[in-house]
Structures are given as structure tokens and as C-alpha cells.
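Architecture and fold: a report
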Amino acid sequence: MTDSATNAPIDDTDRPMRQSLWRGWRRKCPCCGEGKLLHSYLKVNNSCSVCGEEFHHHRADDGPAYLTILIVGHLMAPLLHVTFTTFRPEPLTLFTIFAVGCTSLSLYLLPRLKGAVVAFQWAREMHGFETSA
Ligand SMILES: [Zn+2]
């Protein structure tokens, strides 16, 4: 395993959280930042094609969906209230705008949050991501 910026070997105990989360958000390998973490929208690759880091033991489960609902709900519910009380649009217009907005935002966030959750587990050495001797 090598660091992509410096091409220096990564110390197995050196897994910076912020860098890992950013790489996961970009759907890249949290270890090298080069290889793809996901394929087919949400499926996690078994291993990195660049550095060979294994991802098959991740346990993202419902975490990314939970975070997506949490964020989209907390953004769109107040926005819906403000839009309704301020502009009083036609109900069908309001529904159409917010249905498209919620769906689009969810589809945007879900794979990025899944990458971030897997990267978090990698950085914290959870669920089989522990360093191998
Ligand atoms: Zn990699």
C-alpha cells in the first residue's frame, strides 16, 4: 500500500479519518485514493484495483440509507414549510418540485455516504479492516 500523493508506503496504523472520509465521499479507495470503491451505483468492490486493499468485509448495512434520510429530511422538511408559507404554490407544483428534489438529493447522497461509511470503518479498523501483520 502506498500513499497516492507522496507514493510513500502507508504505515498500517496511519489511517487519518478526515482524508479517509473525503476519499470515501468521492467513492475512491480510502487507502490509496485512486481505485474505485463502488461499482453498479452502490455495490462495494471486493478489493481496490490499484492498491489491493480488501473491502469485502465492510458492514455498511443500513447506515448510508439512515444518514441519507436524516440529511434529506432535515433539509427538505423546513424548506417545504418555508416554501408553502411564503409562496403558497399549487399543491401539484409543490409536490412535483419536492418529489424531484428529494429523489435527486437522495440519489446524490446515498453512494457518497456509503463510501464515507465504508471509509470510516476502514479508518477505525472496524469489521475486518484491522491491520494485518
Ligand atoms: Zn486502493
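Use the structure listed above.
**A short note on the coordination of the zinc ion**
Coordination of the zinc ion by the protein comes from Cys29 (SG), Cys32 (SG), Cys48 (SG) and Cys51 (SG), over a distance range of 2.2 to 2.3 Å. Taken together, the four donor atoms surrounding the zinc ion define angles of 107 to 114° at the centre, an arrangement classified as tetrahedral. When the donors of the zinc ion are listed by position in the chain, the intervening gaps give C-x2-C-x15-C-x2-C.

**Examining unusual backbone geometry**
In the Ramachandran plot, arginine 27 falls in the positive-phi region, its phi being about 60° despite a non-glycine side chain. Within the fold, arginine 27 resides in the loop between helix 1 (17-25) and strand 1 (38-39). In the Ramachandran plot, glutamate 125 falls in the positive-phi region, its phi being about 55° despite a non-glycine side chain. As for its placement among the helices and strands, glutamate 125 is situated in the segment after helix 3 (91-123). Taking the relative accessible area as the measure of exposure, glutamate 125 reaches 27% and is therefore partly exposed.

**A look at the nonpolar core**
With 14 residues, the main nonpolar core has Cys29, Leu37, Val44, Phe55 and Val118 as its most contacted residues. When residues of this core are assigned to their parent elements, the largest contribution, four residues, is made by helix 3. With residues up to four places along the chain from it excluded, the contact list for valine 118 reads Leu37, Val44, His58, Ala60 and Phe129. Membership of the second largest hydrophobic core comes to six residues, among which are Val72, Met76, Leu94 and Leu113.

Calculation rules
- Residues numbered from 1 in each chain as written.
- Predicted model: local features only at pLDDT ≥ 70, side-chain atom pairs only at ≥ 80, totals over all residues.
- Heavy atoms only, no water.
- Donors = N, O, S within 2.8 Å, 3.2 Å for Na, K, Ca; no water.
- Tetrahedral: all angles 85-135°; square planar, octahedral: opposite > 155°, others 65-115°.
- Helix = DSSP H or I, 4+ residues; strand = E, 2+ residues; numbered from the N terminus.
- Buried < 20%, exposed > 50% of the residue type's maximum accessible area, 1.4 Å probe, protein only.
- Core = buried A, V, L, I, M, F, W, Y, C linked by side-chain atoms within 4.5 Å.
- Contact = heavy atoms within 4.5 Å.

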